[in-house]
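Structure at a glance
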Amino acid sequence: MADTTHKPHDTGYKELFSYPEFVQQLIEGFAPTEIAELMDFSTLSNHSGNYITPLFEEKFEDVVWSVEVTWQGTTQTVFLYILLEFQSRVDRTMPIRLMHYVACFYDHLLKNGKTTPHKGLPPILPIVLYNGSENWTARQDIYDMVRPEPPAFLQVYQPHLRYYLVDEGRYTDEQLGLVQTPLSGVFSIEKASKDRQGLQQAVDRIVAIIQADPNKERIDKIITRWLKRHLQRLGAEVNLDQLNSLVEDKDMLAENLESWAKREQHQGETRVLTKQIKMKFGEVPEWVLQRLNQATTEQLDEWSLAILAANSLDEMFKH
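In this text, all values refer to a predicted model and were calculated from it rather than measured experimentally.

1. Here's the deal with the overall build of the chain
- Along the chain, the regular secondary structure elements total 13 helices and five strands.
- The C-alpha radius of gyration computed for the chain amounts to 26 Å, which surpasses the reference 20 Å derived for 319 residues by more than 25%, pointing to a less compact arrangement than a globule.
- C-alpha atoms of the chain, sized along the principal axes, occupy 85 × 50 × 35 Å.
- Across the 319 residues of the chain, 45% fall into the buried class.
- Here the contacts in the chain between residues at least 6 apart in sequence split such that 62% fall between residues at least 24 apart.
- The positive charge centre, built from 33 side chains, and the negative charge centre, built from 46, are 4 Å apart in the chain.

Here it is, written out as structure tokens:
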């Protein structure tokens, strides 16, 4: 990426989009209908590879496929250039980056003899897949970054490159529910990751989708690998070593997720009570911290009430 803030973590998405069915699900489920209807997905061919670019001088996460598109009786190869943009904030330089990446990809095609200036350059559909928490507000065409807008006689000389944005966060649960594919299930899990109850519901949904898939075993393996990566990124206290199949191990995973949720709730209540104790009595002694960490949820609730009337820590912990 352009700098250290843009370096991606291992989301597992690059592996997902190394499989043609997930590329097809992305286009059919989340790209404009008129584009998907023109594509012959049986012709999908992977051209992925990281390119060292002179401008950014480092690798970036991209996936490149080609697919045959037919319109007005003519069949032509179109390249799907998918940039995986996973970061916490919006990158307002995206139009510049995309223009540079596409130019470098065209240069790659020319240098490797895939085409020539005489034959011409193939069309490209640039796609940015974004899963950050903020709404994506960056411009989608580099022309829109030219300010103030130039007069008419200069407009024709300005660069134009638009990318298609798939912003996971903008889809509601209802919208994702209308797209019954493993990829929409993945998006649901991403959206629910901060809500442990919602996460379990999203996992249940994707298990049902997998079970209905004609290639159930293959999809199960792919999604299970992705989910294990995802849970590791979340810092989940879940026994991932025993998770080999979402379908076969769904009950075990549900128990682990429930235990994780309870631990997180307990830790949150402990932090709140520790802060209250510090505000009322000053420094929190080690023996108090130990009791809080070993307490049940019921005990924490009792102490939270007792602290209001207590004049000392000893008095508080009599309850």
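2. Comments concerning the pattern of salt bridges
- In the structure shown here, the tally under the stated rule is seven salt bridges.
- For Glu15, the salt bridge is made with Arg225, and the minimal N-O distance between the two is 2.8 Å. With a gap of 210 residues between them, Glu15 in helix H1 (residues 13-16) and Arg225 in helix H9 (residues 216-234) connect regions that are remote in the sequence.
- Glu15 gets classed as buried once you look at its relative accessible area, which sits at 18%.
- Three or more residues joined by partner-sharing salt bridges are found here, namely Glu15, Arg225 and Arg229.

3. A look at the sheet that holds strand S2 (residues 62-71)
- The five strands are arranged S1-S2-S3-S4-S5 in an open sheet whose pairing can be described as mixed. The open sheet terminates on both sides in strands that have one partner only, identified here as strand S1 (39-46) and strand S5 (164-167). Taking each pair of neighbouring strands and ignoring which way they run, the sheet shows an average axis angle of 25°.
- Examined bridge by bridge, S2 and strand S3 (residues 74-85) share 10 bridges and lie antiparallel to one another. Along S3, the bridge assignment pairs Val67 with Val78.
- Helix-sheet contacts for helix H2 (residues 20-30) involve S1, S2, S3, strand S4 (124-130) and S5, and the interaxial angle to S1 is about 135°.
- Across the sheet, helix H4 (residues 94-111) touches S2, S3 and S4, and the angle it forms with S3 is around 130°.

4. Description of the confidence of the model for the chain
- Averaged over all residues, the pLDDT of the chain is 86; the fraction at 70 or higher stands at 91%.
- Contacts for the low-pLDDT stretch residues 1-9, under 50 throughout, to residues beyond four places or in other chains number 28 contacts.

5. Overview of the environment of His266
- Structurally, His266 is set in helix H10 (residues 250-281).
- With relative accessibility at 15%, the residue His266 sits in the buried group.

6. Examining the pairing of S4
- Of all seven residues in S4, seven are buried, a share of seventy percent or more.
- Burial along S4 is two-sided: the residues Ile124, Pro126, Val128 and Tyr130 and Leu125, Ile127 and Leu129 are all buried.

7. A look at a nonpolar patch on the surface
- A surface patch of nonpolar side chains, about 490 Å² in accessible area, is lined by Phe153, Leu154, Val156 and Tyr157.
- Looking at where Leu154 falls in the secondary structure, it is placed in helix H5 (residues 152-155).
- The exposure class of Leu154 is partly exposed, given its relative accessible area of 34%.

8. Points about H4
- An ideal rise of 1.5 Å per residue puts 26 Å on 18 residues; H4 measures up with 25 Å between its terminal C-alpha atoms.
- Along H4, the residues that are buried comprise Met94, Pro95, Arg97, Leu98, His100, Tyr101, Val102, Cys104, Phe105, Tyr106 and Leu109.
- Among the residues trailing H4, Gly113 stands out with phi positive, at a value near 70°.

Rules of the game
- Residues numbered from 1 in each chain as written.
- Predicted model: local features only at pLDDT ≥ 70, side-chain atom pairs only at ≥ 80, totals over all residues.
- Heavy atoms only, no water.
- Helix = DSSP H or I, 4+ residues; strand = E, 2+ residues; numbered from the N terminus.
- Rg over C-alpha atoms; globule rule 2.2 N^0.38 Å.
- Buried < 20%, exposed > 50% of the residue type's maximum accessible area, 1.4 Å probe, protein only.
- Contact = heavy atoms within 4.5 Å.
- Lys, Arg positive; Asp, Glu negative; His and termini not counted.
- Charge placed at Lys NZ, Arg CZ, Asp CG, Glu CD.
- Salt bridge = Lys/Arg side-chain N within 4 Å of Asp/Glu carboxyl O.
- Pairing = 2+ DSSP bridges.
- Axes fitted to C-alpha atoms, helices over the stretch in contact; angles between N-to-C directions.
- pLDDT = per-residue confidence, 0-100.
- Patch = residues over 30% accessible without salt bridge, like charges linked within 9 Å, V, L, I, M, F, W, Y side chains within 5 Å.
- Areas by Shrake-Rupley, 256 points an atom, 1.4 Å probe, with all protein chains shown as cover.
- Expected span 1.5 Å × (residues − 1).

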